[in-house]
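Structural features, examined
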Amino acid sequence: MLDVLTVTLPVFLIIGAGYVAVWRKVFSQDQVDGLMMFTQRFAIPCLLFLAMARLDLSEGFDWRMLTAYYSGSLVSFGAGVIGTLLWLKRGIEDAVAVGFAAMFANTVLLGLPIAARAYGEDSLAPNYTIIAFNAAFCYFIGISAMEAVRAGGTGFLGGMKTVARRMSTNSLMIGVAAGLLVNLTGLPLPGPISEALTLIASAALPAALFGLGGVLVQYRPEGDARGIILCSGIALILHPAWTWGIGRMLGLDQAAFRAAVLTAAMAPGVNSYLFAAMHGRAVRISASSVLIGTAVSVLTVSGWLLVL
């Protein structure tokens, strides 16, 4: 157990340092917002660009791994919707927002650094493959469902246009798409450009983890406690458990299996709150689930690492 904690604790200590820095006003919220803008719009896209450009596509894109992970995402979304309707007794629009939060794992800010510390930088190819689809898949499901149930909404086609617009302007997706383009075309990267991108990318995860801690100060553990338990429980337990079962059934190799289960075990990402705020539904549950889920995942992720 101590060996596992040496993997996870440094990651969460950086998050905690960011939280304390903003809480004690050593960092202002504006400064944290600027830091997150740098990481989300520049550093992490550079990291993803380089990863996708160098990815061995024949080895990285395993349909069995994607099936195991994203079938778990769909099950988590469905469990969130059904749990909200039947247990929390809330409306269908709130249910969609909770379902989105339950399935949108923090694949980048938490998933990458923990996987890198656990299994090494060279093991991350399957993680990048999952990340390449994550935002588009989750927003497609979430926005499609919300538009389908929302009275006066823009309808299914309008929802799809919203998905396409958000993905085409999303810096992370642009980084992934550009990296894949370079990979598929075989375009060479000039040495100085590659070095510059590598330098920026090297700052991405530490800075993003610190910034994530600062962002979490804005969220308060308030709202329906059962909703927070439902959302966090699905994200931290059901999603990785389902991925584990399907991965074993499909005969995933060890590297892909570990990547899929560990990524599925991550807490809800900040996009969960952004989705809820965008639609004005279950905002407190989504925000609190990001905060509480991240804190509790210190233990749950350590537990999954023990059994992997």
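In what follows, the accompanying structure is described. The shown structure was predicted, so the numbers you read here are calculated from the model rather than taken from an experiment. (Residues numbered from 1 in each chain as written. Predicted model: local features only at pLDDT ≥ 70, side-chain atom pairs only at ≥ 80, totals over all residues. Heavy atoms only, no water.)

1. Some thoughts on helix H4 (residues 63-86)
Residues three or four positions apart in an α-helix share a direction because the helix packs 3.6 residues into each turn. Between the first and last C-alpha of H4 there are 34 Å, a value that for 24 residues agrees with the 34 Å anticipated at 1.5 Å per step. Looking at where H4 begins, the residue whose side-chain oxygen comes 2.9 Å from the main-chain nitrogen of Arg-64 is Asp-62. (Helix = DSSP H or I, 4+ residues; strand = E, 2+ residues; numbered from the N terminus. Expected span 1.5 Å × (residues − 1). Polar contact = N/O pair within 3.5 Å; in protein donor to acceptor, adjacent residues only side chain to side chain.)

2. Focus: the packing of H4 against helix H12 (residues 225-249)
Helix-helix packing is characterised by the crossing angle of the two axes and by the distance between the axes. Orientation of H4 relative to H12, taken along the N-to-C sense of each, is 145 degrees, at an axis distance of 8 Å. Relative to H12, the crossing made by H4 is right-handed. Together, Ala-68, Tyr-69, Ser-71, Gly-72, Ser-73, Val-75, Ser-76, Ala-79, Gly-80, Gly-83 and Thr-84 of H4 and Leu-230, Ile-234, Leu-238, His-239, Trp-242, Thr-243, Ile-246 and Gly-247 of H12 make up the contact between the two elements. Counted by class, the contact of H4 with H12 contains 9 nonpolar, 10 polar and no charged residues. (Axes fitted to C-alpha atoms, helices over the stretch in contact; angles between N-to-C directions. Left-handed = near helix turned anticlockwise from the far one by under 90°. Contact = heavy atoms within 4.5 Å. Nonpolar A, V, L, I, M, F, W, Y, C, P; charged D, E, K, R; others polar.)

3. A few points about the packing of H12 against helix H13 (residues 254-264)
Closest axis-to-axis distance for the H12/H13 pair is 7 Å, and the angle between their directions is 160 degrees. Taken together, H12 and H13 sit at an angle that is classed as roughly antiparallel. Two packed elements cross with a definite hand, and for H12 against H13 that hand is right-handed. For the pair formed by H12 and H13, the contact residues are Ala-235, His-239, Pro-240, Thr-243, Trp-244, Gly-247 and Arg-248 on the first element and Gln-254, Phe-257, Ala-260, Val-261 and Ala-264 on the second. (Parallel < 35°, antiparallel > 145°, perpendicular 65-115°, else oblique.)

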